[in-house]
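Understanding the architecture of this molecule
Chain residues, written in single-letter form:
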Amino acid sequence: MSIALAMAAAPPRHVSQGRNALPNSPLNPITARHHHATAVHASIAATAPQPAATLSTNAHLANLERLLEKQKQENPPAASAPAKMQPDGVSDPPSSYRTSRLLQALNLTSALFPAGGFSNKHAGAEEVSPRSLTRLRRLLSNSNRASPRGSIAGGWRRFHGVGDWEGLLDPLDDDLRRELVRYGEFVQATYHAFHSTSAPPGRPRHVLLPDRSYRVTRNLFATASIELPPWIDTVAPWVMAAHPTSWIGYVAVCENEREIRRMGRRDIVIALRGTSTCLEWAENFRTELVPLEEAEAETEQQGAETEEQRLSSEVAKVECGFRSLYKTPGLGDKPSLSAAVVEEVKKLRKEYAGEELSITVVGHSLGAALAVLVAEEVAALVPPERAATAVFTFGGPRVGNRAFAERVEKRGVKVLRVVNAHDLVPRVPAAPLRTRNEGYAHVGRELVVDSQSSPYLRPDADLSCCHDLEAYLHLVDGFRAAGGPFRENAKRSLARLLSQQGANIKKLYLNKAQELRLKQTAGSFGRCNSGQLASPSSTF
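Residues numbered from 1 in each chain as written. Predicted model: local features only at pLDDT ≥ 70, side-chain atom pairs only at ≥ 80, totals over all residues. Heavy atoms only, no water.

The chain has the name Fungal lipase-type domain-containing protein in an unreviewed UniProt entry, where Zingiber officinale is given as its organism.

Right, here's the structure in full:
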């Protein structure tokens, strides 16, 4: 409705001027009419017909206020005290004004209730947030409301990597997003199981799976073979006393018939955690490239006489520390991680013979590197036509040279690496690429997320946050497309993020969590015992 119609139709009103402390306020209806009567009446005479019905005073004030504010911006008046509206003798202010006063009373700034959508990545990160206290309370609660899982039976192979996820990553397909978050939670369960008990790291763990459709069939262990220098015993004797063998993950299989029908196959999951013990950290720094198999080491030692022979006999190499943890057998009767996985896959393949199977290997950080080694060996054991093998990793480092990457691809293994643009771990090891065999190379496809796109994380989030697994799942849940805004309807709870990365959460949300009495306490799972060190995702 135009201002002209509002002026013409508004009935006479009585305003108590004596109680108005600020008669010169541009929002005072009396002074407003005095200063702008000429312009308004000219507009009425030129354009306004007689109204068909009487307009409400609320609409009149709302339209008049917008006009005055526009003119005030064009011709700024002299500085004056802020206006104070008095309700005596005047009908209630517009609903928009009442809403803004309510938000101020609740101390909920416009950052919590944006008027518009997401303008761009950085502006959206400051403005986008829950639009109601109910939504904010839910996001800060400790229960995730996952999106409903639709059936993927007809196209599960596409989500498992057949076609290299072409057309599914940018923009990110909704079903693929749910699958990525679901598999990431399998990895979170490994951190929880490892750090939630004071038992020695070499003991089996009870795993609380995030998906009850699956059953754990085997515990997995990794053993370090690094020999530490004697002076370590002087400066850090607890490191020398650390047990070389540690629980690192598990194998699980889907047994729920309804979930099997939804997925279109029976799924076998191999989940591996990241670095959590002193010896594992030490193994991470053994960055020289070594042949994956002993037979290949002998081939390399023999050498090649010509360049053609050298290219045709290239050796697949991997980082020394990763190979050590993967191939070294444990003390007593504990097999190596490699031998345990092969044995379990053979058993499950025999148990479910005749069914359509998939093997999904998932890991974070060190577990991401080991996941690639596991998948390469499993694919050699079970060809893709019998059981499709896929790898989903989060924040994984480079594993081997280009010859190794090509070997993995030739096995039919599909690898999707989720990488935070501000995470340093995917950039290491960073050996210079001098020849085809001497440099490191990544494997598979890459999905890049950005912690600065999150409306909840500080734009200067530290390195631990950028590598944290919960932060990765938060970013995947909010990812739409490269360079795009954070998903407004992301449903993942912020409780774990607040618990683990409170220093990297914007102060606004920390304050709201306290005001809503949703106190988040950091778990006690990150304590150091028996040579254990807290991982970036050690609190669950």
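Counting residues in each nonpolar core, the largest one holds 60 residues, and the members touching the most others are Leu180, Phe186, Tyr214 and Tyr250. By residue number, the principal contributor to this core is helix α8 (residues 174-195), which donates ten residues. Setting aside anything within four residues of it in sequence, one finds Phe186 in contact with Leu209, Pro210, Asp211, Tyr214, Tyr250, Val269, Ala271 and Val362. Val251, Ala340, Ala375 and Val408 belong to the second largest nonpolar core, which has 46 residues in total. (Core = buried A, V, L, I, M, F, W, Y, C linked by side-chain atoms within 4.5 Å. Buried < 20%, exposed > 50% of the residue type's maximum accessible area, 1.4 Å probe, protein only. Helix = DSSP H or I, 4+ residues; strand = E, 2+ residues; numbered from the N terminus. Contact = heavy atoms within 4.5 Å.)

As a further point, take helix α18 (residues 402-410). Within α18, burial applies to Ala403, Phe404, Ala405, Arg407 and Val408. Phi turns positive one or two residues past the end of α18, at Gly412, with a value near 90°.

Let us now look at the sheet that holds strand β2 (residues 245-254). With mixed pairing, the seven strands of this open sheet are ordered in space as β1-β2-β3-β6-β7-β9-β11. Only two strands of the sheet have a single partner each, and these edge strands are β1 (214-223) and β11 (445-449). Neighbouring strand axes in the sheet, compared pairwise and without regard to direction, differ in orientation by 20° on average. By the bridge criterion, seven bridges tie strand β3 (residues 266-272) to strand β6 (residues 357-364) in an arrangement that is parallel. Each bridged residue has a counterpart across the sheet, and for Ile268 the counterpart in β6 is Ile359. (Pairing = 2+ DSSP bridges. Axes fitted to C-alpha atoms, helices over the stretch in contact; angles between N-to-C directions.)

Let us look at the pattern of salt bridges. Under the definition given, this model contains 27 salt bridges. Across the salt bridge formed by Glu166 and Arg445, the nearest N and O atoms sit 3.8 Å from each other. On the criterion of sequence distance, the pair formed by Glu166 in the loop between α7 (156-159) and α8 and Arg445 in strand β11 is long-range, its members being 279 residues apart. In this structure, the salt-bridge partner of Glu344 is Lys347, at a minimum N-O distance of 3.0 Å. Within this pair, Glu344 and its partner Lys347 are both found in helix α16 (residues 337-351), separated by three residues, close to a single helical turn. (Salt bridge = Lys/Arg side-chain N within 4 Å of Asp/Glu carboxyl O.)

Further remarks concern the environment of Asn504. Note on placement: Asn504 falls in the loop between α21 (495-500) and α22 (507-515). Sequence separation between Asn504 and Cys465 is 39 residues; the distance between their C-alpha atoms is 7.0 Å. Among the polar contacts listed, one links the side chain of Asn504 to the side chain of Gln501, at a separation of 2.8 Å. (Polar contact = N/O pair within 3.5 Å; in protein donor to acceptor, adjacent residues only side chain to side chain.)

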